[in-house]
Structures are given as structure tokens and as C-alpha cells.
Amino acid sequence: MEYCLGTLTKEQSKAIKLFYLEGKCYNEIVDLTRLEWNQVRSLIQNGRRNLKNCMEKTELRVEG
């Protein structure tokens, strides 16, 4: 998972870590990053999708 977190954009990685690892809500992330609420939502959604895709690809390489 650390590898895949490293493949995200800096902004996506920060938003994912704040949301999932630190348990921050969207509004707290908005306050910390000074981004718009919709930007935070988009970063988390896209980051989650990219993280999932990376982990699936990495899993296939390990199994294959």
C-alpha cells in the first residue's frame, strides 16, 4: 500500500492520508489544505480509485 500511496499525486496522497489515516472529515481537510470542498472531495475520490487500481495491478504482478 505504501508503494501505491507514492504513485498518487501529492495532493491526492495528502487528502487520502488525512481522511483515512488521520480520520479527518472533509471540512477539516478544507481548513488544513485551504482547498475548496469540491476539490477535496475530488482528490479523495480520484485518489481512492487510483489507489485501488494500483493495488489491483500490484496484486496481479505478485500472483503472476
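Since the model is a prediction, treat every value here as computed from it, not as a measurement.

A. Structural context of the overall build of the protein. Across its full length, the protein carries four helices and zero strands. If you list the helices and strands of the protein from N to C, you get α-α-α-α. Considering only C-alpha atoms, the protein reaches an extent of 45 × 20 × 15 Å along its principal axes. Evaluated residue by residue, the protein yields a buried proportion of 27% over its 64 residues. In the form shown here, the protein has an accessible surface area of approximately 4800 Å², with 50% of it arising from carbon and sulfur atoms. If the 11 positive side-chain charges of the protein are averaged to one point and the 9 negative ones to another, these points end up 4 Å apart.

B. Expanded view of the confidence of the model for the protein. Mean pLDDT over the protein works out to 93, with 92% of the residues at or above the 70 mark. Least confident of the elements in the protein is helix α4 (residues 37–63), whose mean pLDDT is 91; most confident is helix α3 (residues 26–33), at 98.

C. Inspection of the nonpolar core at higher detail. In this structure, Leu5, Leu8, Ile16, Ile29, Val40, Ile44 and Leu51 are the most contacted members of the largest nonpolar core, which totals 14 residues. Those elements that place two or more of their residues in this core are α1 (2–7), α2 (10–21), α3 and α4. Top contributing element to this core by residue count: α4, with five residues. Look past the residues within four positions of Leu5 in its chain and what remains in contact with it is Ser13, Ile16, Lys17 and Leu51.

D. Just the side chain of Ser13, in detail. Structurally, Ser13 can be placed in helix α2. Accessibility expressed as a relative area gives 10% for Ser13, which makes it buried.

E. Highlighting the pattern of salt bridges. Under the counting rule described, the total for this entry stands at one salt bridge. In this structure, Lys52 and Glu56 form a salt bridge, with 3.1 Å as the shortest nitrogen-oxygen distance. Taken as a pair, Lys52 and Glu56 lie in helix α4 at a separation of four residues, close to a single helical turn.

What counts, and at which threshold
- Residues numbered from 1 in each chain as written.
- Predicted model: local features only at pLDDT ≥ 70, side-chain atom pairs only at ≥ 80, totals over all residues.
- Heavy atoms only, no water.
- Helix = DSSP H or I, 4+ residues; strand = E, 2+ residues; numbered from the N terminus.
- Buried < 20%, exposed > 50% of the residue type's maximum accessible area, 1.4 Å probe, protein only.
- Areas by Shrake-Rupley, 256 points an atom, 1.4 Å probe, with all protein chains shown as cover.
- Lys, Arg positive; Asp, Glu negative; His and termini not counted.
- Charge placed at Lys NZ, Arg CZ, Asp CG, Glu CD.
- pLDDT = per-residue confidence, 0-100.
- Core = buried A, V, L, I, M, F, W, Y, C linked by side-chain atoms within 4.5 Å.
- Contact = heavy atoms within 4.5 Å.
- Salt bridge = Lys/Arg side-chain N within 4 Å of Asp/Glu carboxyl O.

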